[in-house]
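Chain by chain, the residues:
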Amino acid sequence: METCLDCKKATETVIDLRTGDTICTECSLVISDHYIDDCQEWRTFANDDNSDQDPNRVGAPTNPLLKSGGIGTIIKENTFSSVSKNDLLGLSRAHNLVRNKEEDLFKKACDAIKRMTEDLDLISGVEFRACEIVSKFDVDSRKKLRRGKQLTALCSASVSTACRELKLSRTLKEISTVASGVSLKDINKASMAIKRLLRSDQEEAVSDAAPQVIMKTGELVRRFCSKLDMSERERKAIREAVEMAENFDIRRNPKSVLAAIIFMICQLSQTKRRPIAEIALASEVVENTIKKSANDMYPYASKIIPKWYASEEDIIKSLGGGLIGT
């Protein structure tokens, strides 16, 4: 309710959305004009035949990483346009002369990063940080963005770097599955280029953390155990074994250590023993590596595996016969 100057009291009002006037319902006095509706503007520019009924927001959100903010004009040929074809071609040529092709390429990279993060079900912070990393290549005159597989590899590597900075466990192999056929070798090469560029920019937060971050084995436990549909008892034993393994000099990468622990826990399982091929598929570690890692860890098995899960006698009985031939 608003106060009407004519009625001298608070009255009900209505808003004429066409003119933007606020009108008193009792005396019809225009109390205020030029009303601005600040709610979402759902508009659609559908065809006359109503073939497109999907309402769309007018324009995309601004992009702070772009000099233009992502606001621009695109000239496209329209069959129903009243502009002549020659005039349209002239406009298109003029538009191409002033068009920022590097910015267009960066937009393409942002679209690719958005697709990857959505496919991997990552948080929005990863998308923004990955785009921010790619934008540094756009600014650096020595390292310009390139089209094709090089751009896709760079986007994949930026997503991996962003995940590491935000302490999210995503391996390069996982990211490569949404990288449109780009090889791990290309992604690794792009990752090294990102590390060099971040160091040269002297960004303390990144140079001190991201390039040196080692993916903790514990971060992968939940995902790998979920893939293998393991019981809560087995998951707890694996988590405790992973924590204990950090106290020993096991010269294997974290994924191999975790895969070997899962393998040993499964061998000692009282309910369901999972084949090594299934463990290899879930952990993304080849079978031979799992077997060799398990053999390297066997001398510490009785100290790593929780006593409440398996006794030393059970460990010797189940694992003592040699794991390479398993």
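Please refer to the structure placed before this passage.
The present account deals with the structure reproduced in this document. (Residues numbered from 1 in each chain as written. Predicted model: local features only at pLDDT ≥ 70, side-chain atom pairs only at ≥ 80, totals over all residues. Heavy atoms only, no water.)

### So, the sheet that holds strand 3 (residues 13-16)
Here is step 1: Pairing within the open sheet is antiparallel, and its three strands lie in the order 3-4-5. In this open sheet, the two strands that pair with only one neighbour each are strand 3 and strand 5 (30-32). Geometrically, the sheet is characterised by an average inter-axis angle of 40 degrees between neighbouring strands, direction not taken into account.
Here is step 2: Relative to strand 4 (residues 21-24), strand 3 is paired through four bridges, and the arrangement is antiparallel. For Thr13, the partnering residue across the bridge sits in strand 4 and is Cys24. (Pairing = 2+ DSSP bridges. Helix = DSSP H or I, 4+ residues; strand = E, 2+ residues; numbered from the N terminus. Axes fitted to C-alpha atoms, helices over the stretch in contact; angles between N-to-C directions.)

### A few points about unusual backbone geometry
Here is step 1: The backbone phi angle of Asp121 is positive, close to 55 degrees, even though this residue is not glycine.
Here is step 2: Summarising the element assignment, Asp121 is placed in the loop between helix 2 (101-119) and helix 3 (124-139).
Here is step 3: Residue classification places Asp121 among the exposed positions, given a relative accessible area of 67%.
Here is step 4: Here Asp229, not a glycine, exhibits a phi torsion of approximately 55 degrees, which is positive. (Buried < 20%, exposed > 50% of the residue type's maximum accessible area, 1.4 Å probe, protein only.)

### As for the packing of aromatic side chains
Here is step 1: Evaluation of the coordinates by the stated rule reveals two aromatic pairs.
Here is step 2: Measuring from ring centre to ring centre gives 5.0 Å for Phe248 and Tyr300, while their planes differ by 35 degrees; the resulting arrangement is tilted. Taken together, the residues Phe248 in the loop between helix 9 (232-245) and helix 10 (254-267) and Tyr300 in the loop between helix 12 (287-297) and helix 13 (301-304) connect sequence positions 52 residues apart.
Here is step 3: Here Tyr300 falls in the partly exposed class, since its relative accessible area comes to 27%.
Here is step 4: Aromatic pair Trp308 and Tyr309: ring centres 6.0 Å apart, planes at 90 degrees, arrangement edge-to-face.
Here is step 5: The buried category is assigned to Tyr309, whose relative accessible area is 4%.
Here is step 6: When the ring centre of Trp308 is taken as reference, the NZ or CZ atom of Lys236 above it lies at 5.3 Å. (Phe/Tyr/Trp six-rings, centres within 6.5 Å; stacked < 30°, edge-to-face > 60°. Lys NZ or Arg CZ within 6 Å of the ring centre and 35° of its normal.)

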